[in-house]
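# Coordinate inspection notes
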Amino acid sequence: MGDSIQLKDEGNQHFQSGDTDKAIECYSKAIKTCKDKQVLAIIYRNRSACYIKKENFSNAASDASKAIDVDAADIKALYRRCQALEKLGKLDLAFKDVQRCATIEPKNKTFLETLRRLRADIQSKLKTTFSTDSRVQNMFDILLDDEMEKDKTEKAANNLIVLSREDAGAERIFENNGVPLLLNMMETGKPEMILAAVRTLSGMCTGHKARAMAIIHMVGVDKMCSIMAVDNEEIALATCNLFQCINDSLTGGDKREYGKAEALVLDSSKDLKTILLALVEMVASKKVSGHGRDQALNLLSNNVPRKNSKNSDNSKSLFTIDHGLKKILKVCGQVPELPDQLPMTENTQLIASVVLTKIYDDLTCDPERNNFRDICDEYVKSKIDPNDMDRTIHGINTISGLLQGPFDVGNALVGRQGIMEMMVALCASEREVDQMVAIEALIHAASKMSRASFIITNGVSLLKDIYKKTTNEKIKIRSLVGLCKLGSAGGDDYGLRQFAEGSTEKLGKQCRKWLCNPKIDTKTRKWAIEGLSYLTNDADVKDDFVEDEVALKAMFELAKSTDKTIIYSVACTLVNCTNGYEKKDVIPELVQLAKFSKQHVPEQHPKDKKDFIEKRVKRLLKAGIISALAVMVKADSTILTSHTKEMLSRVFLALSMDPKDRGTIVAQGGGKALIPLALEGTEAGKTKASHAIAKIAAISNPEIAFPGERVYEVVRPLVRLLQTDKDGLQNFEALRGLTNLAGFSNKLRVKIVKEKALPEIENYMFEDHDQIRQAAVECMCNLVSCKEVQDRYLEDGNDKLKLIILLCGEDDENLQLAAAGALAMLTSAEKKLCHKLTLVTTQWLEILQKLCLQTNPSIQHRGIVVVNNMLNSDDSELAKKLMESELLEILSVIAKAEDNPKKQDVIDAARTCLVKAMDLGLIKPFSSLS
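Notes on the structure follow. (Residues numbered from 1 in each chain as written. Predicted model: local features only at pLDDT ≥ 70, side-chain atom pairs only at ≥ 80, totals over all residues. Heavy atoms only, no water.)

The number of helices and strands found in the chain is 54 helices and 0 strands. For the chain, the C-alpha atoms occupy an extent of roughly 125 × 90 × 60 Å along the three principal directions. Looking at the 930 residues of the chain, the share that counts as buried comes to 53%. Pairs at least 24 residues apart make up 68% of the contacts formed inside the chain by residues separated by at least 6 positions. Accessible area of the chain: about 44,100 Å², with a carbon and sulfur share of 50%. Separation between the mean location of the 130 positive side-chain charges and that of the 130 negative ones in the chain comes to 2 Å. (Helix = DSSP H or I, 4+ residues; strand = E, 2+ residues; numbered from the N terminus. Buried < 20%, exposed > 50% of the residue type's maximum accessible area, 1.4 Å probe, protein only. Contact = heavy atoms within 4.5 Å. Areas by Shrake-Rupley, 256 points an atom, 1.4 Å probe, with all protein chains shown as cover. Lys, Arg positive; Asp, Glu negative; His and termini not counted. Charge placed at Lys NZ, Arg CZ, Asp CG, Glu CD.)

Right, here's the structure in full:
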């Protein structure tokens, strides 16, 4: 022990004389021999001071910690560790140590100064570390470092994208040389780098006109087009989104005020025209990949036709016709089986047809439409050459594209002299590709019964001949589809069958056989579904089809494939199988009149009755239809036309008819798939999807049926169903759906109010139809806990509160229950309403007594709760009036009753009322009250 103290003292002398190394040597020897913890702590503390002098801060902090372990209040050790930690850059830990020192010696100037300095340093460091500028620079450093680990690179890319979606972050990226750095990322050629750069640029352009214009000029439209042209679906889609963000910002998506800088970003028409011209050039360029071409066509489809027909300016469509119509027609005419064709995906030609439809529909007068037809006519004529079959089939395929798009234009071309003869000649060709193109054109030409008479007359024998003679499966299936289409020209009218009894079933069986054959390529198998989409107009065929689970699953798998051209045929087939189409009511008197005048009367197939339809729906659900529908709804927006969306909506509505099936629909993702269908498309389609949502929302847990934020998107479609132009069933089920949502959360109640549903709900509370009126009152009962709704009842000059009170007096128990619940909640939330209800109607007391005398315990309980609320309303005159009425006797009888689990809530509520009356001095205590 003596040795260790002697060594400590020697160490102290060496330290004072400035010989730090000798001091450390003495302290180290002393530590080895010392047994006293207190002395040992002093030695460690002293050696720590030596290490600080030697700038060995790691050892200094370690020795100081050992001293502190012995004595937590060792102020010298704490301060020395603070000094060491500060030098090591651990400012937060150093701050804690000096904070403890200042607590022990609050007047020590050294500690206070160190505390102030460290606080300032920490704030400065935090500002630097977490500043957006620093984050942006760090992300780019990581992304452009070739040797950086992959997971760090991915994280930096995602962070950059997220940062760009915030306005402050996007501005920081832009100001910190971000665009050139993003261009450097693109130049790496790495797909993940290009994708991150493009998505970051999209975030920077969103909702900011000035930045969008600057980025166009810094990156260049040609550069963006070259990126979209690469053969990578994800990159092409991301670049398409970038173009869309730029377009939205330049055409009015950006609502911000720019002040003096407004003049700099005012005219964007030149840039928009440059982009449009570049996209048109991409459509027919051989340098563009199939995915890039799809996205260029998608952008034309989304941005060229007018969004609103009230806008008279269709100059974009006219510009596209002048500069790009022939290019789009060239895409329609491509025959992938021939050499030297444009790169395309399975969806490209259908997207081109849809674009042609939208542009043609956007034209406003006959001269514009005539110009469109003339360009198409001239283009097809230039391709028809009997001496060059490759050019000719390109022309015929272009007609097919027009028949799938603006049908009138294509139909007029089919009627041109020589076109039909050329199609017949191609059918007789020995080349497989010639026959396929000609047969497909024949099929598309027979799209409308009223226009298909020529094809029906001339095409059936031709297709039968090809079907019998050919051994090529591809030709055979297409000719069969042609026969299916012509044979189903009468729709579901049992009396207009084109073929002999049993023929359609045989055709259907053959289509199912091809559909289930995995050896046949997808492009050919989809024609089997095309055939079924016509044949399933016949109830025998649809019944056979839904019984064939293997065929159903094969169709659903194809519907989930990358080839989205199949969606329309699948949708048609499913509408037929579920009988989801509109059926006009048959008026017996008109039927008799038609028979008398020997007119044709539509006939219903026996298998199209309700019980057969229900069985088919069950089979479809069992086969997995919902997951297929969910995938189809997510398809490319251009291919998923408004008409196709409407058909999918009809199928969903048919599937949701039975409440027992709605759980299956929800479990397989049907709830969230319905939301986009209810928000976009035709009016009929949106109404059908909204109705299906209402059926699901009425009986499902909203959190499960519409997960996450989607539940708030459901409100608008339901409110739309409350409009007076919708039928009673739609009104009723929308009210039930809103009732369920309103009972789920206050946030949803506020959303319902914001969507202006209250006036509509209140109107239905006056409805003559008992069930609709009851549903409206139940919905209001769930809404009255919302402050905005309570405020409406507090307003003067309306009969809202009077209506609720009068409904409490109705004989219908369900109606009474809902109205009494609403009144109980209102009077509980707003004391002013307790007084107001006595002013709006003279019958209020009589109705209250009626509620309290109800045999239904739930209604009775709500009535007594209203009385209790009135007694607690701080209105002594009102309380006195209640206790002077027969209510006192009613409450006394109920309160004296023996405890009864079935009516305990009622008994307890009555006793509470009487206790309150006693507190107010309105009645005297009575011993029998238990």
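This next bit is on the state of the cysteines. Here, disulfide denotes a covalent bond that connects the sulfur atoms of two cysteines. For the structure on display, the rule yields 0 disulfides. In this structure Cys332 is a free cysteine whose sulfur lies 8.9 Å from that of Cys376, the closest cysteine sulfur available. (Disulfide = S-S within 2.5 Å.)

With that settled, consider the side chain of Asp74. In this fold, Asp74 is placed in the loop between α4 (57–70) and α5 (75–87). There is a polar contact of 3.2 Å between the side chain of Asp74 and the backbone nitrogen of Ala77. Here Asp74 is in contact with Arg45 and Ala67, once residues within four sequence places are set aside. (Polar contact = N/O pair within 3.5 Å; in protein donor to acceptor, adjacent residues only side chain to side chain.)

Counting residues in each nonpolar core, the largest one holds 265 residues, and the members touching the most others are Phe372, Leu515, Ile625, Leu629, Tyr793 and Leu882. Leaving out residues up to four positions away in the same chain, Ile625 has contacts with Phe556, Leu574, Leu620, Val651 and Leu655. Counting 36 residues, the second-largest nonpolar core is a separate cluster that includes Leu7, Ala61, Ala84 and Val98. (Core = buried A, V, L, I, M, F, W, Y, C linked by side-chain atoms within 4.5 Å.)

Next up on the list: the environment of Arg650. Here Arg650 shows up in helix α35 (residues 642–655). For Arg650, a relative accessible area of 10% translates into the label buried. Between the alpha carbons of Arg650 and His691 there is a distance of 9.7 Å; along the sequence they are 41 residues apart. Polar side-chain contacts of Arg650 include one of 3.3 Å to the backbone oxygen of Gly580.

So, on to the packing of aromatic side chains. Any two aromatic rings considered together are summarised by their centre-to-centre distance and by the angle between their planes. Tallied over the entire structure, the rule returns 2 aromatic pairs. Here Tyr79 and Phe111 contribute two aromatic rings whose centre-to-centre distance is 5.3 Å and whose plane-to-plane angle is 45°, an arrangement assigned as tilted. Taken together, the positions of Tyr79 in helix α5 and Phe111 in helix α7 (residues 109–130) put the pair 32 residues apart, joining distant regions of the chain. Using a relative accessible area of 7% as the deciding quantity, one classes Phe111 as buried. Considering the side-chain rings of Tyr360 and Phe372, the 5.0 Å spacing of their centres and the 55° angle between planes classify their relative orientation as tilted. You can see Tyr360 sitting in helix α19 (residues 348–361) and its partner Phe372 sitting in helix α20 (residues 366–383), a full 12 residues away along the chain. (Phe/Tyr/Trp six-rings, centres within 6.5 Å; stacked < 30°, edge-to-face > 60°.)

Looking now at unusual backbone geometry. A positive phi angle is found at Glu55, which is not glycine, with a value near 65°. Even without a glycine there, the phi angle at Asn579 is positive, about 55°. One can find Asn579 in the loop between α31 (567–578) and α32 (588–596). What makes Asn579 buried here is its relative accessible area of 16%.

What follows deals with α19. In this model, α19 (14 residues) spans 20 Å end to end at C-alpha, consistent with the 20 Å of a helix rising 1.5 Å per residue. With 10 of 14 residues buried, α19 lies mostly within the body of the structure. Residues of α19 that are buried: Thr348, Leu350, Ile351, Ala352, Ser353, Val354, Val355, Leu356, Ile359 and Tyr360. The elements touched by buried residues of α19 are α17 (290–303), α18 (315–333), α20, α21 (389–404) and α22 (407–414). (Expected span 1.5 Å × (residues − 1).)

Our focus in this paragraph is helix α42 (residues 728–742). The end-to-end C-alpha separation of α42 is 21 Å, in line with the 21 Å expected for 15 residues at 1.5 Å each. Counting buried residues in α42 gives 11 out of 15 residues, a clear majority hidden from the surface. Taken residue by residue, α42 has Gln730, Asn731, Phe732, Glu733, Ala734, Leu735, Gly737, Leu738, Thr739, Leu741 and Ala742 as its buried positions. Measuring from the backbone nitrogen of Leu729 back to the side-chain oxygen at the start of α42 gives 3.1 Å, which picks out Asp727 as the cap.

Moving on: the packing of helix α50 (residues 844–852) against helix α52 (residues 876–883). In contact at an axis separation of 12 Å, α50 and α52 are set at 60° when each is read in the N-to-C sense. When the interaxial angle is binned, α50 and α52 end up oblique. Of the two elements, α50 crosses α52, and the hand of that crossing is right-handed. Residues Trp844, Leu845 and Leu848 of α50 touch α52, and the partners they reach there are Leu878, Lys881 and Leu882. Across the contact of α50 with α52, the residue classes break down as 5 nonpolar, no polar and 1 charged. (Axes fitted to C-alpha atoms, helices over the stretch in contact; angles between N-to-C directions. Parallel < 35°, antiparallel > 145°, perpendicular 65-115°, else oblique. Left-handed = near helix turned anticlockwise from the far one by under 90°. Nonpolar A, V, L, I, M, F, W, Y, C, P; charged D, E, K, R; others polar.)

To continue, consider the pattern of salt bridges. In a structure, side chains of opposite charge can pair up when their charged atoms sit close to one another. All chains considered together, the criterion is met by 47 salt bridges. Note that Glu113 and Arg116 form a salt bridge whose closest N and O atoms lie 2.6 Å from each other. Taken together, the residues span about one helical turn, with Glu113 and Arg116 both in helix α7 at a distance of 3 residues. For Glu113, a relative accessible area of 40% translates into the label partly exposed. (Salt bridge = Lys/Arg side-chain N within 4 Å of Asp/Glu carboxyl O.)

Spatial relationships are all this shows, so hold off on functional conclusions.
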